[in-house]
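Results of the structural survey
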Amino acid sequence: MSQMTNTGRRKPTIRDVAAAAGVSRGTVSRVLNGGHWVSPEARTAVEQAIQTTGYYANHHARSLATGRANSVAFLLTEEHQLLFDDPTFPLLLRGAAEALAQRHKTLVLLVAGTPEERENVAQFVGAGHVDGVLLISSHERDPLLESLLASGVPTVACGIPLGHQAEITTVSVDEIGSARTATRHLMDLGRSRIAMITGPPDTPGGRFRVVGFREELGDRFDPALVEEGDYSRQSGADAMARLLERAPDIDAVFAASDRMAAGAIATVRAAGRVVPQDVAVVGFDDSGLAATLDPPLTTMRQPFGEISSTMVELLLELVEGRSAESATLPTELIVRGTA
């Protein structure tokens, strides 16, 4: 007897979805399990048929049959407030959730900012509660990263995890090339005393963006014009204050995040100078904050939606037991009012 809904109607089946989409039941099954070996046209037809028929997959039954959880962890190894304070993380979270929803997978949000949280997350992931991990932030010599590697759980990292470049599939932007583009833009404006506010050196952005800055400046690079921040607005403000005290003739600054750039602008103004006439400013991310600043911030745009969707695609390849090549995505210089 066919299973009935509470309203007395028969629940739609894969057979119904296949008939509505004009494809085989095998094609529907492949779409439901990640979309491997399915043409974009067939996937679109199946997804539309799922909507029109009201089909809902029995994930519990499928997980019993496959031994999989049909869920993926979005793992942020930062303090909890950064999930709300840093606009880049919600963008990545939303993109990952949308990409997984299209594949009928569940996203599990995990935040591990303390040693205790890292230990709990390592146990949770190691127990098989998720099929794989989207590692959104990583720090050099992070014991949680070591635990993920030891457990063998499929993992895709956002950015290059320092010290483990060859061991984890990654989705990153061209950090060095992007920094060179930002620096070249300031040089082309005729700025001669260009400073940089870097991120923490134990993060990929903090490590590689300053490399691009130094390479593009060449002989004009002055280590005295480099200060470190932690990607926060306050750290950008403090770093800019130290730079201006040491080198009052600075006429441009490249900040390794939009939040640090916003802090730098506030400090420049407090010193009685005008952006961009006296000091030009370029940021990094274009996560939403940049366009709201006054004047709007010139910045390097990261393709957050593409980063998330590519991470999900590669992770599901790994979950299926296939290989997945790391991807490097381009950024784009968005010229606005600060430089």
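Located above this text is the structure these notes cover.
Computed from a prediction, not measured in an experiment: that's the story for all the values here.

With that settled, the discussion passes to the overall build of the chain. On a plain count of helices and strands, the chain comes out with 14 helices and 12 strands. On the principal axes, the C-alpha backbone points of the chain span a range of 80 × 40 × 35 Å. Burial analysis of the chain (339 residues in total) assigns 51% to the buried set. Excluding contacts between residues fewer than 6 apart, the proportion of contacts in the chain whose partners are at least 24 apart in sequence is 69%. Element-wise, carbon and sulfur atoms account for 50% of the exposed surface of the chain, whose accessible area totals about 15500 Å². Across the chain, 31 positive and 42 negative side-chain charges occur, with their mean positions spaced 8 Å apart.

Turning next to the sheet that holds strand E5 (residues 169-173). Strand order across the open sheet formed by 6 strands is E2-E1-E3-E4-E5-E11, with parallel pairing between neighbours. In this open sheet, the two strands that pair with only one neighbour each are strand E2 (106-111) and strand E11 (327-329). Going across the sheet, the axis of each strand differs from the next one's by a mean of 20°, ignoring polarity. One ladder, built from 3 bridges, connects E5 with E11; its direction is parallel. Bridge pairing in E11 places Ser-172 opposite Thr-328. Its contacts with the sheet place helix H6 (residues 88-102) against strand E1 (71-76), E2, strand E3 (132-135) and strand E4 (155-158), and it is angled at close to 175° to E1.

Rules and cut-offs
- Residues numbered from 1 in each chain as written.
- Predicted model: local features only at pLDDT ≥ 70, side-chain atom pairs only at ≥ 80, totals over all residues.
- Heavy atoms only, no water.
- Helix = DSSP H or I, 4+ residues; strand = E, 2+ residues; numbered from the N terminus.
- Buried < 20%, exposed > 50% of the residue type's maximum accessible area, 1.4 Å probe, protein only.
- Contact = heavy atoms within 4.5 Å.
- Areas by Shrake-Rupley, 256 points an atom, 1.4 Å probe, with all protein chains shown as cover.
- Lys, Arg positive; Asp, Glu negative; His and termini not counted.
- Charge placed at Lys NZ, Arg CZ, Asp CG, Glu CD.
- Pairing = 2+ DSSP bridges.
- Axes fitted to C-alpha atoms, helices over the stretch in contact; angles between N-to-C directions.

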